[in-house]
Structure formats: C-alpha cells, structure tokens
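Fold and contact review
This is what each chain is made of:
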Amino acid sequence: MEHVENVNDGECILIRGPANIEVKEGRVTVLGGTFDAGEHIMIPKGKTLSLKACTSAILRIVSSSIERVKEDVPSQWRIAVEELDKVEKPAVVIVIGGVDTGKTTFTVFLGNMALKKGLRVAIVDADVGQSDIGPPCFVAMGLLDKSVVDMSKVELNDAYFVGSTTPSAYPHRMVTGVKLMVEKALMLGSEVVLVDTPGWISGFRARDLIISLLHVLRPSIVVALQDNEEAEGILKAFSSSEMHIIRLPALASCKRNRETRKFLREMAYRKHLHGGINVELDINKVSVAYTTLFSGNTLSSDEERKVSGILGVSPVYAEASFDTLTLVLPSYVDVWEKIEMLGLLFKGREVYLLREESLENLLVALLDKRNRYLGVGILKKINYATRKMLLYTSVPPDKVATVLFGSVKVAENGEEMGSIQLHKVKV
Ligand SMILES: Nc1ncnc2c1ncn2[C@@H]1O[C@H](COP(=O)(O)OP(=O)(O)OP(=O)(O)O)[C@@H](O)[C@H]1O
Ligand SMILES: [Mg+2]
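Cut-offs used in this document
- Residues numbered from 1 in each chain as written.
- Chains lettered and ligands numbered in written order.
- Predicted model: local features only at pLDDT ≥ 70, side-chain atom pairs only at ≥ 80, totals over all residues.
- Heavy atoms only, no water.
- Pairing = 2+ DSSP bridges.
- Helix = DSSP H or I, 4+ residues; strand = E, 2+ residues; numbered from the N terminus.
- Axes fitted to C-alpha atoms, helices over the stretch in contact; angles between N-to-C directions.
- Parallel < 35°, antiparallel > 145°, perpendicular 65-115°, else oblique.
- Left-handed = near helix turned anticlockwise from the far one by under 90°.
- Contact = heavy atoms within 4.5 Å.
- Nonpolar A, V, L, I, M, F, W, Y, C, P; charged D, E, K, R; others polar.
- Near = heavy atom within 4 Å.
- Polar contact = N/O pair within 3.5 Å; in protein donor to acceptor, adjacent residues only side chain to side chain.
- Areas by Shrake-Rupley, 256 points an atom, 1.4 Å probe, with all protein chains shown as cover.
- 1 Å grid on protein atoms, 1.4 Å probe; cavity = no way out; pocket = protein on both sides within 12 Å on 5 of 7 lines; lining within 4 Å.
- Points joined across faces, edges and corners; volume = space filled by probe spheres on them.
- Domains from an automatic or database assignment.
- Buried < 20%, exposed > 50% of the residue type's maximum accessible area, 1.4 Å probe, protein only.
- Phe/Tyr/Trp six-rings, centres within 6.5 Å; stacked < 30°, edge-to-face > 60°.
- Lys NZ or Arg CZ within 6 Å of the ring centre and 35° of its normal.

As a further point, take the sheet that holds strand 10 (residues 91–97). Across the sheet, seven strands lie side by side as 13-12-11-14-10-15-16; this open sheet has mixed pairing. Both edges of this open sheet fall to strand 13 (158–161) and strand 16 (245–249), since each of them pairs with a single strand only. Recorded for the sheet is a direction-independent mean angle of 20 degrees between the axes of neighbouring strands. With five bridges joining them, strand 11 (residues 121–125) and strand 12 (residues 138–144) adopt antiparallel strand pairing.

Spelled out as structure tokens, the structure:
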C-alpha cells in the first residue's frame, strides 16, 4: 500500500518491511543516519525500522504497516553515545541482551552516531543465528564506512566459522571468532569496535559464554539491553570489577517468529552463495577439519575385511586415526548392536558413524593457506574412491587450502535442510 505521509519536525514513524520510502521533501534520520529529499530507504521483509523527521517532511511510503510512535529509539540509548565520547579510543563496546531486545538496532544506532563524530567504526556480528554481516554460522566483521539503516548493509571484511546457527553448539569457537574479529578490526585502525551478540543469555551455559567474552575482550563499555533483569545474572559476575556497564531499556520490539528468522537466515545464505558453481577439490591437496573424516588413514585390507565381517556389510568408507574410527555407511544398514565388537577391534578409539547421504548439502567454510576466510560453500558429494569433493561455491577452488565442516545443511538456493549430528558411539 502506498501512503503519502506528512511528518512534522520531531515526529517518528515505525515502518515494517518489506517497504520502500522516498523522502519527497525535508530531512529524516534513521538510527542516526540522515536522508534528504530525493533519497530512498529500503526495508527488507522481516525487518522493521523507525524514522524521525528532523524538519517537516513529506514521505512516500510503500509498506503494509506504518505506525506513528512516540520515539524512534528509547531516549536513554543516547546515554551510550555520550559515554562512548568519554572513553579512550580505540574502544570496544559489547552489546548484550535477550532475544529481540534491540541489540542489532542499538549497535547500528551507536555505530552511525560514532561515524557522525568522525570516528572509524567496525561492527563484529556474533549473532550466528541471525547473521547480518556474514553468512549464518559465522562471526563476521565489517567496517562501517557510511551510515546504514540495517546491519545487513555492512560489507563483510572478515569472518570466522562457528559451524552452527546455535551459539551453544560451539561456544569456544564463538569466543575465538569474536576475539579474532575484534583484533582484526583494531588492526585495521578502527577507533570504535561494536560487538553485537546472540540473544542467548539465560541459563548457566549462556552466562558462561558471555562472561568468557567479557573476560577475553576487556571491553571499554558493556551495554546491557533488558526489559526485566535478564542480564543481571551475567553482570553480577562483574559487580566488584571496574567494567563500565551501561544498562539500557530494550526496544518495545516487534518479536520475530521462527518463520521470519528462518526467512532471514535463508536470505543471508543466498547472498553469500550467490555466483556459486560446482567445483571439485582434491582431498589429498586440501586440509579438512571439524570432522573426523580424512584425519587418519584408510584401513588395511585385513582390517577392512574384519569390519565388513562384523557389520555384515561393507562400509562405503572406513578410516582410522590414533584416536578415532570413522565409518561411512550405506543409508540402509543398521549396525548399532554391532558397535561393541568394533570397539574391541579398534581399542581405545572413538567410533563415529555417518550415513553416506548425511553429509550432502552440508555447509562448509573455505579458508586460504593462512587459515583466512575465503567464503562459504555447500558440500554436494564426496567421492571416496577418487578422493574428490564436489562443492558449490563462488570461491575459486585453487585458492582453497582448508575445508571446515559445519553442522547445518543448506540448499544452493539458501533453503535450510536441517542439521547433522556426528554420531559418536561410545564403546
Ligand atoms: N524503533 C523500533 N521499535 C520497535 N521495533 C523495532 C525498532 N527498530 C527495529 N525494530 C524491530 O524490533 C525487532 C528486534 O530488533 P533487533 O533485531 O535489533 O533485536 P535483537 O536484540 O538484535 O534481536 P536478535 O535477538 O534476534 O538478534 C526487529 O524485528 C527489528 O526490526
Ligand atoms: Mg540481533
């Protein structure tokens, strides 16, 4: 629906995407970025934003939902802008809070405000489930070289693979990724590095992750967005320290449901898989990690005969290393009750079972020779006989030195296809 809205100086409107806004007359601000007559603002489906007129303005808005609101962002959010002014640069600011409290909106707001003051700003997006800068499953970093209305407009500079859309799956990779991305941003000369985090803050393990992040980053400011006292359990861990904590109200937000979150993730996968083609990698020439596959040696023919004898079927692929035995099995066999015997044969090793098709469409990260992020890919097929891996990616295959296996499955069009669990069998 198209609306022409006359907005008075200081008035605010909340607009839900998908939307297109044209400033016909006057000037508006969106999260600290300004737009003048003739400029357009696009809001993707699944996102919402608020704008504030700084003169009387006329807007042409194409959106199914617009609403007049009292303020564009909670007025207390500006306290953080003043505090940021006071701290020594370079400054690292971490934003924590529960789901949908406005962490990402706040991060963009503070980033735009810092940019306006002439500071060099970087954003580290650690929300692996609702990634804006990188593909989902990655902690990503981008430099804010112009103001943005939406974090997904920040161009990716570097990324670190976590491998799951759930931070609880690999918290140690989250900590590593955030630390590396912050260091990179500082190394590039950023004066302000803003870290946006996932909404997983409740419960012991979630607290543990955030507390570790705060220990490793030693941020200049911690911003906690909360409605009730959701973040206090974390903040109490710093009650006697000198950590500079700013508690701010959460957005009176529009909660996003599971479908919207999935839609946004799929859009992000699609963006980073764009331009992909099928490429082949030689397993003998690349390193493979975050899987037990290709970490050892194929079995001797005697061992293989014994394994086939125990299972009653030949594995598609079998490999043993000092500490693991990995078997890729045809999809139709059920061997669970025979596992104990395998354990006796390969004493002291962890046994991993994989169905042949379970790795198809697995999301992978591609790294160069110095373990730097090159891009994302989808594992289409492994030919165990020729030791070739077929991938869908836009990364030139000759640059790839390492392939990291993730635990989510994604189609070439970005559609999510579930996740895999590596079945470790205790013997
Ligand atoms: N001024 C506003 N008022 C109300 N809602 C808004 C406003 N600006 C943005 N929103 C919407 O509120 C929701 C939550 O905002 P945001 O994405 O910033 O929260 P978040 O804490 O980062 O969420 P997540 O936990 O998913 O990362 C989003 O749908 C966002 O589009
Ligand atoms: Mg967010």
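Past the structure itself, the notes keep going.
So, on to the packing of helix 1 (residues 77–86) against helix 2 (residues 103–116). If you want to describe how two helices pack, look at the angle between their axes and the distance between the axes. Relative orientation of the contacting elements helix 1 and helix 2 amounts to 45 degrees, with a least axis distance of 10 Å. Taken as axis vectors, helix 1 and helix 2 run oblique relative to one another. At the point where helix 1 passes helix 2, the crossing takes the right-handed sense. Counted together, Trp77, Arg78, Ala80, Val81 and Leu84 of helix 1 and Thr105, Phe106, Phe109, Leu110, Met113 and Ala114 of helix 2 form the full contact between these two elements. Its residues assigned to classes, the contact of helix 1 with helix 2 shows nine nonpolar, one polar and one charged.

What follows deals with the site of ligand 1. Close to ligand 1 lie 20 residues, the nearest being Asp72, Lys103, Thr104, Thr105 and Arg256. Between ligand 1 and the protein, one listed contact pairs an oxygen atom with a backbone N or O atom of Thr101 at 3.1 Å. Contact distances for ligand 1 include 2.9 Å between an oxygen atom and a side-chain N or O atom of Arg261. Starting from 630 Å² of accessible surface for ligand 1 in isolation, the protein chains cover 94%. Looking at the shell around ligand 1, the elements that each hand over two or more residues are strand 7 (48–53) and helix 2. Element by element, the count of residues in the shell around ligand 1 is highest for helix 2, at three residues.

Moving on, we get to the layout of surface pockets. As a volume, the second largest pocket reaches approximately 320 Å³. What lines the second largest pocket is a set of 16 residues, and nearest its centre among them are Asp158, Ala159, Asn371, Arg372 and Tyr373. Those elements that place two or more of their residues in the lining of the second largest pocket are strand 13 and helix 3 (171–187). The greatest single-element share of the lining of the second largest pocket, amounting to four residues, is contributed by strand 13. Residue classes in the lining of the second largest pocket are distributed as 10 nonpolar, two polar and four charged. Lining the lining of the second largest pocket are residues from two domains, each supplying at least three of them: domain 2 (77–256) and domain 3 (275–427).

So, about the domain arrangement of the protein. Accessible area lost upon the coming together of the parts is a frequently used measure of interface size. One can read the domain layout of the protein as domain 1 (2–69), domain 2 (77–256) and domain 3 (275–427). Between domain 1 and domain 3, the C-alpha centre-to-centre distance is 50 Å.

In this section: unusual backbone geometry. Omega for the bond connecting Gly17 with Pro18 falls within 30 degrees of zero, at 5 degrees, which places this linkage in the cis form. Along the polypeptide, Pro18 turns up in the loop between strand 2 (12–16) and strand 3 (19–25). The omega torsion across Lys89 and Pro90 is 0 degrees, close enough to zero to call that bond cis. With respect to the helices, strands and loops of the structure, Pro90 is situated in the loop between helix 1 and strand 10. The phi dihedral of Cys137 falls on the positive side, at around 85 degrees, and the residue is not glycine. By secondary structure assignment, the location of Cys137 is in the loop between strand 11 and strand 12. On the basis of relative accessible area, Cys137 is assigned to the buried category, the value being 0%. Phi at Tyr290 is positive, roughly 65 degrees, even though this residue is not glycine. Within the secondary structure, Tyr290 is located in the loop between strand 18 (287–289) and strand 19 (297–298). Among the residues examined, Tyr290 registers a relative accessible area of 32% and is labelled partly exposed.

Attention shifts here to the packing of aromatic side chains. Per the stated rule, a full pass over the model turns up eight aromatic pairs. The structure contains a cluster of three or more aromatic residues connected by ring pairs, namely Trp77, Phe106 and Phe109. If you follow Lys45 out to its NZ or CZ, it ends over the ring of Phe263, 4.2 Å from the centre. For the cation-ring pair, Arg173 lies above Tyr290, with the distance from its terminal atom to the ring centre recorded as 3.5 Å.

Looking now at empty space enclosed by the protein. On inspection of all chains with the given rule, the structure shows one cavity of 30 Å³ or more. There is about 60 Å³ of room inside the largest cavity. Every residue lining the largest cavity is listed: Glu356, Leu359, Glu360, Leu379, Lys381, Ile382 and Tyr384. The residue makeup of the lining of the largest cavity, split by class, is four nonpolar, no polar and three charged.

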